[in-house]
Amino acid sequence: MPEGRLKLLSKWRVIAANVATAIKKLYPNSEIYVFGGAAENRLTVLSDIDIAVILEDPPKDRAGMLAKIWEILEAKGIPQYYPLEIHILSKREFERLRGVKIKLA
């Protein structure tokens, strides 16, 4: 199992780029970043890929927005079991995050 997860994580840059493209189509005014272990080049078998979707005014129903995003991602061949954590944040919430942030879109 750990080898399989590491193999999935090794493709994080390709996956993150595909995720960014899909999200920008749904939410053209969003900014998308990778942060956390992937951005800091310190992935382990327990890691996930943290992606921040920054919106000026995030919807109250963030869960519904995530469901829409995952529907598109699954259609693009990215399974829900991929170790990916999508965070929908306001600019203020995003600014509070510490560490390295890599802008994708």
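Just above sits the structure.
Residues numbered from 1 in each chain as written. Predicted model: local features only at pLDDT ≥ 70, side-chain atom pairs only at ≥ 80, totals over all residues. Heavy atoms only, no water.

Where nonpolar side chains cluster on the molecular surface, the patch consists of V100, I102 and L104 and spans about 200 Å² of accessible area. Along the chain, the position of I102 falls in strand β4 (residues 101–103). (Patch = residues over 30% accessible without salt bridge, like charges linked within 9 Å, V, L, I, M, F, W, Y side chains within 5 Å. Areas by Shrake-Rupley, 256 points an atom, 1.4 Å probe, with all protein chains shown as cover. Salt bridge = Lys/Arg side-chain N within 4 Å of Asp/Glu carboxyl O. Helix = DSSP H or I, 4+ residues; strand = E, 2+ residues; numbered from the N terminus.)

Under the 1.5 Å per step criterion, the end-to-end length of helix α3 (residues 62–75) is 20 Å for 14 residues, consistent within 8% with the ideal 20 Å. Taken together, the buried positions of α3 are M65, I69, W70 and L73. Around the axis of α3, the buried residues are gathered within 135° of arc, so they sit on the same side. Of the exposed residues in α3, the ones pointing more than 90 degrees away from its buried face are A63, E71 and A75. For α3, the secondary structure elements touched by its buried residues are α2 (12–26), β2 (49–55) and β3 (84–90). Immediately downstream of α3, the backbone of G77 shows phi near 95°, a positive value. (Expected span 1.5 Å × (residues − 1). Buried < 20%, exposed > 50% of the residue type's maximum accessible area, 1.4 Å probe, protein only. Arc of directions from axis to C-beta. Contact = heavy atoms within 4.5 Å.)

One open sheet holds the 4 strands; their spatial order is β3-β2-β1-β4, and the pairing between them is mixed. The strands lining the two open edges of the sheet, one partner per strand, are β3 and β4. On average, adjacent strands in this sheet sit at an angle of 30° to one another, irrespective of strand direction. Summarising the sheet, strand β1 (residues 31–35) and β2 pair through 5 bridges and their orientation is antiparallel. Within the sheet, the bridge partner assigned to Y33 lies in β2 and is A52. (Pairing = 2+ DSSP bridges. Axes fitted to C-alpha atoms, helices over the stretch in contact; angles between N-to-C directions.)

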